[in-house]
Amino acid sequence: MLVLLPPSETKAAGGDGPPLSFEALSMPELNPVRAKLVDALADLAGDVPASLAVLGLSERQSDEVARNAALRTSPTLPALSRYTGVLYDALDMASLTRVERGRAAERLAVASALFGVVQGADPIPAYRLSGGNVLPSVGPLGTLWRPVLTPALAGREIIDLRSAPYSSLAKIPHAITVKVVTEDGSGRRQAVSHFNKAHKGLLARAIVRSRAVPQVRNLVKIATNAGLRLEPAGDRHFELVV
């Protein structure tokens, strides 16, 4: 089972791995689209004002454009070390044991506007591209990704924790979904927005710390053992109550 996480806008800088090699990434059937997008994003970086406009950045974020210009030559980091932010703080890869980090590499993947999907240990450079961006030379990202990404994920058992902009890049109708909710005194539930990512990070952490291989039938137990309240809310849907 593969847990599909949303990416972060922010990325850790630097790295100690060799430059980007598509052959080093999982799901090689995605490489033609990956190469097309890397070329388009790097070419766009040659025009800084245009890049800032397309990516929705301010002039103070021009260093993000410089990252895109160096996509093919900058050092890499494993994907789970590259992405940062609330979800990845909760996952806290640095505190996992060697065995747990190995499980994370196998069980966790990240949805990516640039790379489609990368598994936990895939070596990637720092970049800036969001699911809702439209590159002038290729158009909407969903139009490019859906024809290749949807079939690539079709044969996998997936827990889909993606956010909306990345869910639109590939349809996964067979996936297990998890909604983070809060419950008031009368038992009414509503979606959590502000702390949504943090709780998804805690669930991902519980899954990689578990010795049991995650399956639909044992997800509640895995969460419970980690102090989380996960409840079935449909055939392949769960609610994480916080």
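Structure: see above.
For every chain, the first residue of its written sequence is number 1, and the numbers climb from 1 along that sequence. With pLDDT at 70 or above as the cut-off, local features in this predicted model cover only qualifying residues; side-chain atom pairs require 80 or more to be listed or tallied, and sums for whole chains, interfaces and linings still use all residues. Side-chain numbers come from the whole structure's heavy atoms, not from hydrogens or water.

1. Here we look at unusual backbone geometry
Thought 1: Its identity as a non-glycine residue notwithstanding, Met27 has a phi of 55°, on the positive side.
Thought 2: The residue Met27 is located in the loop between strand E1 (2-5) and helix H1 (31-44) in this model.
Thought 3: Of the residues examined, Met27 reaches a relative accessible area of 3% and is grouped as buried.
Thought 4: Positive phi is not limited to glycine here, since Asp92 has a value of about 50°. The way it works is that DSSP assigns letters per residue, a run of H or I at least four long becomes a helix, a run of E at least two long becomes a strand, and they are numbered from the N terminus. Burial here depends on accessible area, computed with a 1.4 Å probe over protein chains only, as a share of the maximum for the residue type. Under 20% is buried, over 50% is exposed, and the range in between is partly exposed.

2. Structural notes on the environment of Met27
Thought 1: Distance in space between the C-alpha atoms of Met27 and Leu149 is 9.5 Å, their sequence separation being 122 residues.
Thought 2: By definition, residues are in contact when any of their heavy atoms lie within 4.5 Å. Setting aside anything within four residues of it in sequence, one finds Met27 in contact with Arg34, Val117, Ala152, Leu153 and Arg156.

3. Considering helix H6 (residues 98-107)
Thought 1: What H6 keeps buried is the set Glu100, Arg103, Ala104 and Arg107. Along the axis of H6, the buried positions cluster into a sector of 105°, meaning they face one direction only. H6 presents Arg98 and Glu106 as exposed residues on the side facing more than 90 degrees away from its buried surface.
Thought 2: Buried positions along H6 lie against E1, helix H4 (79-82), strand E3 (108-112) and helix H9 (196-209). The directions from the helix axis to the C-beta atoms are what the arc is built from.

4. Thoughts on the side chain of Asn133
Thought 1: Looking at the element boundaries, Asn133 is found in the loop between strand E5 (123-124) and strand E6 (134-135).
Thought 2: Here Asn133 falls in the buried class, since its relative accessible area comes to 10%.
Thought 3: Polar side-chain contacts of Asn133 include one of 3.4 Å to the backbone oxygen of Val54.
Thought 4: Under this definition, polar contacts are N or O atom pairs within 3.5 Å; protein pairs additionally need one hydrogen-donor-capable and one acceptor-capable atom, and for neighbouring residues in sequence, both atoms have to be side-chain atoms. Looking at Asn133, its side chain comes within polar contact range of the main-chain nitrogen of Ser130, at 2.8 Å.
Thought 5: When near neighbours in sequence (up to four residues on either side) are disregarded, Asn133 contacts Val54, Leu55 and Leu141.

5. Quick notes on the environment of Arg209
Thought 1: Examined against the element boundaries, Arg209 turns out to sit in helix H9.
Thought 2: Residue class for Arg209 comes out partly exposed when judged on its relative accessible area of 47%.
Thought 3: Separated by 13 residues in sequence, Arg209 and Ile222 have C-alpha atoms that sit 9.0 Å apart.
Thought 4: Not counting residues up to four positions away in its chain, the partners in contact with Arg209 are Leu96, Glu100 and Arg103.

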